[in-house]
Amino acid sequence: MAEDRVYSVEEANAELPDLLVRLQRMREARQTILRAAERIRSRVVVDGGEREGDDYWKASAALKGELERLAEQGILLRDAEVGIVDFPAERDGRGVYLSWRLGEDRVAWWHDVDSGFVSRKPI
């Protein structure tokens with residue numbers, strides 16, 4: 001894990017093109033898993049639930065792999081569906097997070113490590 005990894009704004013922005021693709025894959029995998037869970041729930045009443053097919057297992061593996069890759073890079077996924085991501089950084093000699101949300105064209109916000117998305121401030 002890259003727990004000590006610190007990103008500059010430029011480095012965080014350089015990750016965004018790849019992150020966009022990966023977030024889309026994670027969102028699709030999550031939706032597949034949720035649909036499979038709903039199918040299982042609906043079948044429990046009838047026959048105790050059914051065994052899920054390859055789509056569920058492939059989606060689970062894809063989601064796990066993407067989450068592990070983010071962790072290795074030290075990137076923190078806060079919300080896969082909304083697409084909120086934090087990059088560890090430093091500001092005035094202290095640890096902070098650079099904050100980005102899907103739909104934003106660049107990393108332009110930061111917040112303290114003990115606060116969250118709602119406390120973001122412009123860079």
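The rules behind each value
Residues numbered from 1 in each chain as written. Predicted model: local features only at pLDDT ≥ 70, side-chain atom pairs only at ≥ 80, totals over all residues. Heavy atoms only, no water. Core = buried A, V, L, I, M, F, W, Y, C linked by side-chain atoms within 4.5 Å. Buried < 20%, exposed > 50% of the residue type's maximum accessible area, 1.4 Å probe, protein only. Helix = DSSP H or I, 4+ residues; strand = E, 2+ residues; numbered from the N terminus. Contact = heavy atoms within 4.5 Å. Salt bridge = Lys/Arg side-chain N within 4 Å of Asp/Glu carboxyl O. Polar contact = N/O pair within 3.5 Å; in protein donor to acceptor, adjacent residues only side chain to side chain.

Draft legend 1. The nonpolar core, seen in detail. Counting residues in hydrophobic clusters, the biggest one holds 20 residues, and the most contacted among them are Leu19, Val85, Phe87, Leu98, Trp100 and Val107. Contributing elements (two or more residues each) for this core: helix 1 (9-47), helix 2 (54-73), strand 2 (84-91) and strand 3 (94-101). With seven residues, helix 1 is the largest single contributor of residues to this core. Those residues within four positions of Phe87 in sequence are excluded, and the remaining contacts are Tyr7, Ala12, Glu15, Leu16, Leu19, Ile75, Val96, Tyr97, Leu98, Trp100 and Val107.

Draft legend 2. Inspection of the pattern of salt bridges at higher detail. Enumeration over the complete set of coordinates arrives at ten salt bridges. Note that Glu66 and Arg25 form a salt bridge whose closest N and O atoms lie 2.8 Å from each other. With Glu66 in helix 2 and Arg25 in helix 1, the pair connects residues that are 41 residues apart, well separated along the chain. Given a relative accessible area of 10%, Glu66 falls into the buried group. Note on Arg25: relative accessible area 38%, which makes it partly exposed.

Draft legend 3. Structural detail: the environment of Glu81. Assignment of secondary structure puts Glu81 in the loop between strand 1 (76-79) and strand 2. Through-space distance from the C-alpha of Glu81 to that of Arg27 is 5.8 Å; in sequence the pair is 54 residues apart. A distance of 3.4 Å separates a polar atom in the side chain of Glu81 from a polar atom in the side chain of Gln31.

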